[in-house]
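Read off the chains here:
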Amino acid sequence: MHRSDEVCSRLTGTSRPVSGATRIKPHLERASGVAESELLMSDSESAFTARDYQVELLETALEQNTVVCLGTGTGKTFIAVLLIKAYAHTVVSPLPEGGQRIVFIVPSVALVEQQANHVKRHTSLRVGQYVGSMGVDFWDKKVWDTEFQSNEVLVMTAQILVNILHSGFIGLKQISLLVFDECHRAAKNHPFSQIMDSFTHCPDVEHPRILGLTASVLSGKCKPHRLDENIRNLEITLRSRCATTRDLASVREHGTQPEELLLQYTSSEKMLDAAVRTLSGCEDQLREAKFDGDMGMIVKQLKKLMGNCWDVLIQLGPWALQSYTQCVFAFMERLKSGNLICGDDLALAVLTFCEDDLNISLEQSRNVAATSRCLYHGDIFVSHKAKILLSYLEKSGCNTAADNTSTAPFCAIVFVERRSTARSLCELIMHAIECDPNLKFLKPLWTVGAGGIALLKDGCSEAGPSHSKQSIVLRKFRSGECNLLVSTSATEEGLDIPSCSLVIQFDRPKEIRAYIQAKGRARSKGSKYIVMVEQSEVQLVDDELELFSTIEQKLGDLCIDRTIPSETEVEERQTDLPEYHTVKGAWVDMASSIDLVNRYCDKLPGDHFTHLAPQCDIYEEDGGFVSELALPRNSPFKEVLKSDVWPSKTRAKQHVALLVCEQLHKMGQLDDHLCPVVEDESDTEDEEEEEEEDTTSEDRELSSSGDSRKAYKMKIPEALKDCRPSSDGPLNLYQINVEPVEQPEVSFGTGSACLGILTAKRFPQLPIFSLYLKSGEVRVSFERIPVGDVSKRILQQIDCWHEHCFKRIVGVGNSPSLLFADSEKYRGYRIVPLTILKESCWTIDRQLLSSDGAVSQELRATGDLVGRVVTKKYLPNQKERFRVVSVRRDLTPSSEFPDKSKAVTYSEYYLQRYEVHIRDMEQPLLEVESLSRNANALVKVEKGSRALKRIHLVPELCDVDPLPVGVWDAGLLLAPLLWRFEQLLTAEELRVAIGTPTLENPECFLEQPQYGSSEACQMSSPPSKKKRVAHCSEKAMAASEHHSGKTTDVWIRVDSADFGSSSSLSSGPEEGELREEQEREDGGGVPFVWKIATALTAKSSADFFNLERLETLGDSFLKQAVSMSLFWQYSNKHEGQLTKKRSRAVSNAKLFLLARKRALPTYMFVARFQPSVMWLPPGFSVSSPVETADTKGTSSQYRTQLMSDKCVADCLEALIGAYLVYGHYSYAFHVMKWFGISVAPAVVVALSGSSLEHVTSCVSQISDVSFYEGSGLRNQRSLETLCAKFSDFEKSIEYKFKDKRWLLQALTHPSFHWNRVTDSYQRLEFLGDALIDYLVTRKIFEDHPHLNPGQLTDVRAALVCNDTFAEIAVQRGYHHHLKALSPRLFKAIDLYAESREKDDKPEASVMEIDVENDDDEEVEAPKVLGDIFESVAGAIFLDSGLDIDVLWRVYLAMLLPYIEKYGKDPPIQPVRKLHEMFPSGLQFSAAKKELDGGLSCTVTLPSGDRFTGVARNGKLARIVAAKKAIRHLKREIPD
């Protein structure tokens, strides 16, 4: 057909023909990836119809590697799908069993989803799709192995395959088919070419089959005589032959044949000359400016933006420039606000310069608009080019509406060159639609490719939209919601879009590929392909299009009957450049080395102020170029490497990067797959294997069920196992003494009777403990007394009495699920009644054992009844019992009844209420109080409920219980008494199992914790380093002498009022000697039992003591010890890797596994004490499971508890805290070692004291890897220069460094590459963070025992946080000496320091609320300030010879004001406080970006009041909003 050329006149829009030749429509028009549904389907969407030429090319592809060259709409993707089906048999087996996978490679993200959907739709294979935004760059081999196992076809962008091939995650022999979409891109250093370069690393027999898909075998400009050469280069690169079909008629039937037109316009550049020159001059000056780092990035972006403004003005006119500059100004304001880049004065000057030029150009363009009405379209002033475009669109719409024969709706694409033009043109068309009714039929949208500048966002973005947004636009274009798409070349190539009736090239195509692909979008019947051309270039463009058409035709001819490249041709193209290979098949070459170094630097720990990048220096040497490379300061690799001499700068940089990659792998910073190592791979594997071994099938079952708790049987102490008394074995009798703390109105437990424990085993020494009745507190103690002769008959009576006691008195043995078992093996001790003999000797009450328990029927009111137990005879079914308090001789049955509404006299009341006649009207009444069982005597009764209600009973209506009141008093307390007894036995058994070092402080912590306080005593202080060894020896000697002086078995009675008193009885010498030996080995444990019992008791038990305070202390010490240990063990690892290791080492999961190995859950007391549910009486057994109320439906037996893994981990930390409190560091290290938590010897040296030689050795070990002599880079500075003015800082903190290099390291930011003497501060920050955390926690633990665990945590959080540290750092001038090369960082510090200077409350926390202050914005404290506060602490610790006391002396002076303030008034985080004020109905909005770059958050109260906070991050914005709400509430409702 003929191509009609049309030129629209400048004013009238009329056309005139331009000379041109008649052309034959070629058969190759555009790229693949169009709507294959139009190409491959026949009558139905699910039916395939393979065309003859497709079958022909498929057969070729099955025989050899093939590049399919077909035009748009000819079904290249269909050929690929058919070939994938043909290779489906190769992907059946898993890779480890010899199976293979099919990989489909595409050049862009948008094509991944499109091609994956085609394969999914037309095959039954499992298809996976992969793009960079999924984080695939950092996937390890385990993740990729899972993907290879789960999917049979993998569709991905090319760089992803390059990375996994180079990492050795998959080999070419494991790929059966490799499909390249848009394969013409395989040139130079493109990822397609890098993939093909990897073919040299394996034999030819292991190479996969290759299929290339393209519409144009050319990727750039090419002269006709070099077409064959370019095609051959592509064939050699892909090791394939290009192929097309001879059936041109069939191809033309499905191809595209649009009418080609030229649309002429006149340039508006002369008319807008002044504004154009202003913008171009600004761009030129920015181009000439030379800046590095962040400033260089600013200038680069500004230069591009000014160039875009110039292009928008020329192409579209003043209105579009006005619209576009609004976005540019918004971007510049963000730069000034500091959210993206906080520049210095120079940066502000550059921004001001650009703003001034933009304003000048805007004013100049407005002046032109005021005088040139001819270029108005409606009310907008546009360029002539834009006016011609709008006119043609209007005309096309009218023609479409007038054409009744056309069934296709209007559908058009306008291709532009620049991204900025795409958006601006779309906005201009949208505005024109509002002004011109003839354009109402247009529904425009715009899209560009992904990538590009990512600085302007939310409507002010130069960056391309995300893949999801692009997909939305294309979906609307396909559905008809949009009928005019303004796009860059992103939609020229491959994307699946509908057939268009009109395609307009707003900027003329500059190469054959763009021409073919853009024209290929015009596939509708009668479609047009328009190229807009400036009037003076009409002939030039026409010649170019003529050449493109000629080349297009020749390409079709040249792709017929080609041969596959020979091995010689392929080998000649290969370059012999150095590579580095690992044992696992991974490799890095020159082309990929720089990318790998950058990926490694990206994984180094940093902050958002600085982009860590290697420093490269290139210079000429020996007629070539040499490059030197130094990694960032926080990389463990410190050496500066130098490349060989290369003919180009690029090769020099690639070579030195390759050398760095090699060294990084050798030192373990890159693993054997050449992936950056975040943590040691071997350690991680060992830990995972250990966790897998420790995970039982029960754990996995619970995990799969979603229940995070596990059931554990409570441990039975060894002293209670096999302890049932027998007549032919040893017997031990212990008296249970129950004594009131306060003098009660009625003597508690008076008389000659009480209870005791008869057992076959000796019990260890335990302290006394308290129980709490309604009448007051009582102390319980045990005393071993003589047993006497006990026959079998007596033991049988004891069994009967034991059962009777628990069923009748205790009331817990009556459950049908409980059986009294005479042969009970565990907890077989017996409760026996005791009576007192002459000379205050107690013995078993044999008379009570032999009684039948009958109740006396006669009762006389005498004084002897006081203290006796009576029951109501007239209520035989009532089990309530009463203690007689007194005989009221002033009251008789005839006396007045207290409640006259019920009766007049007592006798009348009994007659009316119970129908009982009283015979003796003169008998005195009995004043009694109920003997009620306490539900839980372990916790104190509230004061308001302590008074017992007393009533009056008639003696003749009562029966006297034969059991003595002392038996009843003790019996009613048996359940909680024995629970606490077994709890202390369990704690003592754990203490013996753990063992202890030599006792240092036997005088500390002898008493039970006081009720109402979380911790009654302070920690023991560490002895000084000089005297620490002697101190331990003296204590050990004293302890040994103390124990060796004992010759009797003592049951120590330690109480909170007078600890140290004891009673004793003689024991056999052999047994006594064994106990003395045990005590000497254990170091003495009676006083320590309470600490261990506290650590074993969870808060959920509702006991008056729990582990939480000890857990807080133990957690901080564990963090300190592990951090110090990692710091010494892994001197070559950076802070990020150390933090990962610490997190894993002290994680709840890890601590739980360690605790479970030692069966710690069985020692714990987690459930609330419920005698009828949790407690199993001694001698009883369970006949059937019992459902408990607190198990969430899970079946639970007696003495079985459900607890979470975290609860177990907390218990381990609490035990560390308990040992730390009792015996200081050596005890804490001992219990950690027992649990399997090892620490480096240097930590023990540092905290436990050692010789000077050991300390010096430990410090030298760190200094050897922290300090080094720099070399290579020419901007290196000397130590003296770097340490200048440090003396001022030393005066500020009141510490003088012996070695200034420690201080230099502590103040060196990773961006300060001028320091080649020391490392950056990050490792010291890791150490200092742990040291300060522990020291502060210990301080508030000691000085503020009144704080409950929640308050202790709040105070600790307020003290050990970045806000507090940053504030102190500014006060002490830390920031004045910080070594950094980041303008953004310095600006952020300056803003924060200025805000603190204005604050009249220097010690105010971010959590505090000032009612008088209405400031809406919180200035965020830069994390760097908190980091250097911690790193200097680490430096002091090392410089002082590992003396933690010196560190604490320096830092206590700075922290003490905050500690005292928060200790008196614990702060509460505002957001949490607001939630406490309004448990429901409170709503926080998601953070929203503000124009100045900040974030805002709005809180809505239940009343409907709304308060908005603005800050630099979302967390601070929530805090500010909460502060404003609380401030308002306090003003409205004052306290």
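Residues numbered from 1 in each chain as written. Predicted model: local features only at pLDDT ≥ 70, side-chain atom pairs only at ≥ 80, totals over all residues. Heavy atoms only, no water.

**Some points on the overall build of the protein chain**
Here comes step 1: Within the protein chain, the secondary structure is distributed over 49 helices and 46 strands.
Here comes step 2: Expressed as a percentage of its 1535 residues, the buried residues of the protein chain come to 57%.
Here comes step 3: Looking at the protein chain alone, contacts between residues at least 24 apart form 76% of all its contacts between residues at least 6 apart.
Here comes step 4: When the accessible area of the protein chain is evaluated, it comes to approximately 64,100 Å², of which 49% is carbon and sulfur surface. (Helix = DSSP H or I, 4+ residues; strand = E, 2+ residues; numbered from the N terminus. Buried < 20%, exposed > 50% of the residue type's maximum accessible area, 1.4 Å probe, protein only. Contact = heavy atoms within 4.5 Å. Areas by Shrake-Rupley, 256 points an atom, 1.4 Å probe, with all protein chains shown as cover.)

**Focus: the pattern of salt bridges**
Here comes step 1: Taken as a whole and judged by the stated rule, the model has 49 salt bridges.
Here comes step 2: Notably, a salt bridge pairs R423 with E427, separated by 3.9 Å at the nearest N-O pair. One end of the pair is R423 and the other is E427, both in helix 15 (residues 419-435) and four residues apart, which spans about a single turn.
Here comes step 3: Judged by relative accessible area, which is 5%, R423 ranks as buried. (Salt bridge = Lys/Arg side-chain N within 4 Å of Asp/Glu carboxyl O.)

**A word on the sheet that holds strand 34 (residues 950-953)**
Here comes step 1: Pairing within the open sheet is antiparallel, and its five strands lie in the order 34-33-32-31-35. Every other strand in the sheet has two partners, leaving strand 34 and strand 35 (958-960) as the edge strands with one partner each. The mean angle between the axes of side-by-side strands here comes to 45 degrees, regardless of whether they run parallel or antiparallel.
Here comes step 2: Relative to strand 32 (residues 882-888), strand 31 (residues 869-872) runs antiparallel, the two sharing two bridges. When the sheet's bridge partners are listed, V869 is paired in strand 32 with R883. (Pairing = 2+ DSSP bridges. Axes fitted to C-alpha atoms, helices over the stretch in contact; angles between N-to-C directions.)

**Overview of the nonpolar core**
Here comes step 1: If you look at the biggest cluster of nonpolar residues, it comprises 206 residues, and the most contacted ones within it are F1117, L1160 and Y1451.
Here comes step 2: Looking at this core, the element that brings in the most residues is helix 36 (residues 1205-1235), giving 21 residues.
Here comes step 3: Aside from chain neighbours lying at most four places away, what touches L1160 is L990, L1096, A1155, V1208, C1211, L1212, L1215 and F1235.
Here comes step 4: Counting residues in each nonpolar core, the second largest holds 102 residues, with V106, I497, V503 and C559 among its members. (Core = buried A, V, L, I, M, F, W, Y, C linked by side-chain atoms within 4.5 Å.)

**Some remarks on the confidence of the model for the protein chain**
Here comes step 1: Looking at the protein chain as a whole, its pLDDT mean stands at 77, while 76% of the residues score no less than 70.
Here comes step 2: Segment residues 1-48 is flagged for pLDDT under 50; beyond a separation of four residues in sequence, or across chains, it makes 159 contacts in the model.
Here comes step 3: Every residue in residues 998-1007 is under pLDDT 50, and counting partners more than four places away or in other chains gives 39 contacts. (pLDDT = per-residue confidence, 0-100.)

**Thoughts on the packing of helix 17 (residues 512-519) against helix 18 (residues 538-558)**
Each packed pair of helices is defined by two parameters, the angle between the axes and the distance between the axes.
Here comes step 1: At a minimum axis distance of 10 Å, the contact between helix 17 and helix 18 shows a crossing angle of 85 degrees. By the angle class used here, helix 17 and helix 18 are roughly perpendicular. In contact with I512, Y515, I516 and K519 of helix 17, helix 18 contributes L545, F548, S549, I551 and E552.
Here comes step 2: Residue composition of the contact of helix 17 with helix 18, by class: six nonpolar, one polar and two charged. (Parallel < 35°, antiparallel > 145°, perpendicular 65-115°, else oblique. Nonpolar A, V, L, I, M, F, W, Y, C, P; charged D, E, K, R; others polar.)

**Some thoughts on helix 28 (residues 974-994)**
Here comes step 1: End to end, helix 28 covers 30 Å across 21 residues, agreeing with the expected 30 Å (1.5 Å per residue, within 8%).
Here comes step 2: In terms of burial, helix 28 is largely enclosed, as 19 of its 21 residues are buried.
Here comes step 3: Positive phi appears at G995, one or two residues downstream of helix 28, with a value of about 75 degrees. (Expected span 1.5 Å × (residues − 1).)

**Description of the pairing of strand 17 (residues 528-534)**
When a strand is regular, its side chains alternate between the sheet's two faces.
Here comes step 1: The buried count for strand 17 comes to six of seven residues, which makes it a mostly enclosed element.
Here comes step 2: Summarising the sheet, strand 10 (residues 259-265) and strand 17 pair through seven bridges and their orientation is parallel. Paired with E260 across the strands is Y529, a residue of strand 17.
Here comes step 3: Pairing between strand 16 (residues 502-505) and strand 17: four bridges, direction parallel. The residue bridging Q505 from the neighbouring strand is V531, located in strand 17.

**Overview of the sheet that holds strand 22 (residues 641-642)**
In a beta sheet, neighbouring strands pair by backbone hydrogen bonds and run either parallel or antiparallel.
Here comes step 1: Spatially, 20-21-22 is the arrangement adopted by the three strands of the open sheet, whose pairing is antiparallel. The open sheet terminates on both sides in strands that have one partner only, identified here as strand 20 (615-621) and strand 22.
Here comes step 2: Sheet analysis places strand 20 next to strand 21 (residues 624-630), joined by seven bridges and oriented antiparallel. When the bridges of strand 21 are listed, Y619 appears paired with V626.
Here comes step 3: Across the face of the sheet, helix 21 (residues 649-666) comes into contact with strand 20, strand 21 and strand 22 while running at roughly 35 degrees to strand 21.

**Some details on the pairing of strand 45 (residues 1495-1500)**
Here comes step 1: When you tally the buried positions in strand 45, you get six out of six residues, the bulk of the element.
Here comes step 2: Side chains of strand 45 alternate between two faces, with L1495, C1497 and V1499 and S1496, T1498 and T1500 buried alike.
Here comes step 3: In terms of strand pairing, strand 43 (residues 1483-1484) meets strand 45 through two bridges, oriented antiparallel. Within the sheet, the bridge partner assigned to Q1483 lies in strand 45 and is T1500.
Here comes step 4: Note: strand 45 against strand 46 (residues 1506-1511), six bridges, orientation antiparallel. Paired with T1500 across the bridge in strand 46 is R1506.
Here comes step 5: Adjacent in sequence and paired antiparallel, strand 45 and strand 46 are bridged by five residues, among which G1504 carries a positive phi angle near 100 degrees.

**Overview of the environment of N1513**
Here comes step 1: Among the structural elements, N1513 can be located in the loop between strand 46 and helix 49 (1514-1532).
Here comes step 2: Along the chain, N1513 and C1497 lie 16 residues apart, while their C-alpha atoms are 9.7 Å from each other.

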